[in-house]
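What follows is each chain in one-letter form.
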Amino acid sequence: PASALVVLVTVVAGALVLPTTQLVRTGQEAIASALYVQNWALAASATDYLAAEDPPTALRHYWSLAVEEQFYLLWPVLVALALLVTRARRRGADDPRRRPGTDDVRPGLVAEGVIVPVVALASLAWSARLTAVDPASAYFVTTTRAWELAIGGALAVAVAAAPRAAVPARWSAALAGGGLAAILAAVVAFDGATAFPGTAALLPTLGTIAVIAAAAPDRSWSGRLLGSRPAQVLGDVSYSTYLWHWPLIVLLPFAVHRRLLWWELVAVALGSVALAWLTTRHVEDPVRRSKRLAGSAALTAGLLVACTASGALAGVALIRAAEARSEREASAAAAAAAAADPDCFGAASVLSGADCSGAPPAGELWTTPDQAAADRPVLYADGCWNDPPFDSRTTCTYGPGDAEVRVAVVGNSHAGHWFPVLESVAADRGWQITTYVASSCYPVDLPLAYPDPAATEGCSDWNAWVGEELTSQDYDLVVMSARTNQHLADVP
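Residues numbered from 1 in each chain as written. Predicted model: local features only at pLDDT ≥ 70, side-chain atom pairs only at ≥ 80, totals over all residues. Heavy atoms only, no water.

A.B. asks: Please provide a residue-by-residue account of helix H15 (residues 297-340), values included.
C.D. replies: Between the first and last C-alpha of H15 there are 64 Å, a value that for 44 residues agrees with the 64 Å anticipated at 1.5 Å per step. Every buried residue of H15 is listed here: Cys 307, Gly 311, Ala 312, Ala 314, Gly 315, Leu 318, Ile 319, Ala 322, Arg 325, Ser 326, Ala 330 and Ala 337. Residues of H15 that are buried in the fold lie against helix H1 (2-17), helix H2 (20-34) and helix H17 (369-374). (Helix = DSSP H or I, 4+ residues; strand = E, 2+ residues; numbered from the N terminus. Expected span 1.5 Å × (residues − 1). Buried < 20%, exposed > 50% of the residue type's maximum accessible area, 1.4 Å probe, protein only. Contact = heavy atoms within 4.5 Å.)

A.B. asks: Explain the layout of surface pockets to me, using residue names and the numbers behind them.
C.D. replies: The volume enclosed by the largest pocket comes to roughly 1400 Å³. If you go around the largest pocket, you meet 28 residues; those closest to its centre are Ser 64, Glu 68, Glu 148, Thr 208 and Tyr 242. The set of elements that each furnish at least two residues to the lining of the largest pocket consists of helix H4 (62-92), helix H7 (146-161), helix H8 (169-189), helix H9 (202-214), helix H11 (229-236) and helix H12 (238-256). When the residues that make up the lining of the largest pocket are grouped by side-chain class, the tally is 17 nonpolar, eight polar and three charged. (1 Å grid on protein atoms, 1.4 Å probe; cavity = no way out; pocket = protein on both sides within 12 Å on 5 of 7 lines; lining within 4 Å. Points joined across faces, edges and corners; volume = space filled by probe spheres on them. Nonpolar A, V, L, I, M, F, W, Y, C, P; charged D, E, K, R; others polar.)

A.B. asks: Mind laying out the pattern of salt bridges, listing which residues take part and the relevant values?
C.D. replies: Opposite charge on two side chains permits them to pair, given that their charged atoms come into close proximity. Going through the model one piece at a time under the given rule, you end up with eight salt bridges. Here Glu 264 makes a salt bridge to Arg 258, at a shortest N to O gap of 2.7 Å. Among the ionic pairs, Glu 323 bridges to Arg 320, the shortest N-O distance being 3.8 Å. Of the two residues, Glu 323 and Arg 320 are both situated in helix H15; the distance of three residues between them amounts to about one turn of the helix. Look at Glu 323 and you get partly exposed, because its relative accessible area is 39%. For Arg 320, a relative accessible area of 52% translates into the label exposed. Each of the salt bridges in this network shares a partner with another, and the network as a whole consists of Glu 284, Asp 285, Arg 288 and Arg 289. (Salt bridge = Lys/Arg side-chain N within 4 Å of Asp/Glu carboxyl O.)

A.B. asks: Could you give an account of the state of the cysteines, with specific residues and numbers?
C.D. replies: Using the criterion set out here, one finds three disulfides in the structure. Between the sulfur of Cys 441 and that of Cys 459 lies a disulfide, 2.0 Å long from S to S. Taking the sign of the torsion about the S-S bond as the criterion, the disulfide between Cys 441 and Cys 459, at about 85 degrees, is right-handed. Separated by 18 residues along the polypeptide, Cys 441 in the loop between strand E4 (432-438) and helix H20 (453-472) and Cys 459 in helix H20 bring together distant segments of the chain. Assigned by exposure class, Cys 441 and Cys 459 land together as buried. What links to what in the protein chain: the bonded cysteines, counted in sequence order, pair as 1-2, 3-4, 5-6. (Disulfide = S-S within 2.5 Å.)

A.B. asks: Can you explain the packing of H1 against H15? Please cite residues and give values.
C.D. replies: In the contact formed by H1 and H15, the axes pass within 9 Å of each other and the chain directions differ by 10 degrees. As far as their axial angle goes, H15 and H1 are roughly parallel. Contact residues: Ala 4, Val 7, Leu 8, Val 11 and Ala 15 in H1; Cys 307, Ser 310, Gly 311, Ala 314, Leu 318 and Arg 325 in H15. Looking at the contact of H1 with H15 residue by residue, the class counts come to eight nonpolar, two polar and one charged. (Axes fitted to C-alpha atoms, helices over the stretch in contact; angles between N-to-C directions. Parallel < 35°, antiparallel > 145°, perpendicular 65-115°, else oblique.)

A.B. asks: Which residues make up a nonpolar patch on the surface, and what values go with them?
C.D. replies: Together, Leu 261, Trp 262, Trp 263, Val 266 and Leu 270 make up a nonpolar patch on the protein surface, roughly 610 Å² of accessible area in all. With respect to the helices and strands, Leu 261 occurs in the loop between H12 and helix H13 (262-288). (Patch = residues over 30% accessible without salt bridge, like charges linked within 9 Å, V, L, I, M, F, W, Y side chains within 5 Å. Areas by Shrake-Rupley, 256 points an atom, 1.4 Å probe, with all protein chains shown as cover.)

A.B. asks: So, the side chain of Gln 70: which residues are in play, and what are the values?
C.D. replies: Structurally, the position occupied by Gln 70 is in helix H4. Polar contacts involving the side chain of Gln 70 include one to the side chain of Thr 142, which spans 2.3 Å. Residues within four places of Gln 70 in sequence aside, it is in contact with Tyr 36, Val 37, Asn 39, Trp 40 and Thr 142. (Polar contact = N/O pair within 3.5 Å; in protein donor to acceptor, adjacent residues only side chain to side chain.)

A.B. asks: Can you explain the packing of aromatic side chains? Please cite residues and give values.
C.D. replies: In this structure the tally under the stated criterion is 14 aromatic pairs. A centroid spacing of 5.4 Å and a plane angle of 40 degrees characterise the contact between Trp 462 and Trp 465, whose relative ring orientation is tilted. Note that Trp 462 and Trp 465 are positioned in helix H20 at a spacing of three residues, about one turn of the helix. A network of ring pairs unites the aromatic residues Trp 63, Tyr 139, Phe 140, Phe 190 and Phe 196 as a single cluster. We note Arg 145 situated over the ring of Tyr 139; from NZ or CZ to the ring centre the distance is 4.7 Å. One cation-aromatic arrangement involves Arg 376 over Tyr 380; the distance from NZ or CZ to the ring centre is 5.5 Å. (Phe/Tyr/Trp six-rings, centres within 6.5 Å; stacked < 30°, edge-to-face > 60°. Lys NZ or Arg CZ within 6 Å of the ring centre and 35° of its normal.)

This is the structure:
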């Protein structure tokens, strides 16, 4: 319920203060957040060449909630499967040499004792691998984050297996202090250049595990810090604080039309805690402590469906409103441009014979920013691109099959940029155009440096294949254009 409330409030506030260019994406992320698939949606957009520079939306932080919920859904299934295997082995074991007391070990703990390290190690290994070759996706996807939650599960299994075991008092304060120091070191030292999560995430994760496992004595400095009233109050409202803080940070600059000052950011932090306290008291706690919900699976399921549906429907409504607003703004911009300079707007610039070299005036546009964002070649909609690791061989052909003149368009997005005008010329003259376009990979006979070695090899193979195609297909004209910002491999 708290999550759904923040989604609804963010959608309404976004509709009031955000520019049209951000409304559709905010609506899409509201849907993804309500369905707890936000992390996968962000992983997909993180690798989208045209979305790489998009500013973060007010609901981006829901990615971590999505990871948690996906883990919680999958985890019982994994444990249940491991439990079935454990019980089957126990039933099949009829060894009189077994040590007494082994049957007293709960099957559930045995199952979790197997599945926890398997999941943790496999996920950590994959996290290190994907962070090295595709850091944008690695940050968000569940498979690279599961180990962080699994390590917490390992601590829970250890405590359940040996409930009376505890860290000796003489070591607990030092362990808690070391854990806090590790967390603080990550906060201070990590920045945008840190390869994260990967193995770097071990520092704050193991630091947190150390703090929990230590159960620092009340008389130690770490125990006094963690047991202080402010720390406990913040811990009580931490979930809702997380929900509220990011929408405030993103939306308020649009409301005041400038960046927030430092003291305003402090006010945002305090405001987040205040909103979180209200949400915890009036939304979270009443639902969590409701006897009616606790006694009725149907009511609980109904509330779940209602919360999920409300966020998703709010996102759909925002997308529809954004589309309507975009049409209104485009119509208004066209009307204003036509009124300001009727002889130089649209077809009139050709038919009127007027001198339109200065239209529109420098620094002005006759289209809206939302129109510019949607102004992309048909090659994107038609799926003509070849993306890393460039193991596909996708081409698109436009024009008559019996054309006397055949044109090849070769390169990356800068080649795609020229396609509309080339297609117009080809349509007038009855030519045929075939595309050979790949994102970021440009025509060169040397390997390009990509984080993923497979992409480096794939780009070279793609360029070699394109070269063979151009020489064997007997094209009349080859148009090549490319942005050459990708570094060459092994070149400083």
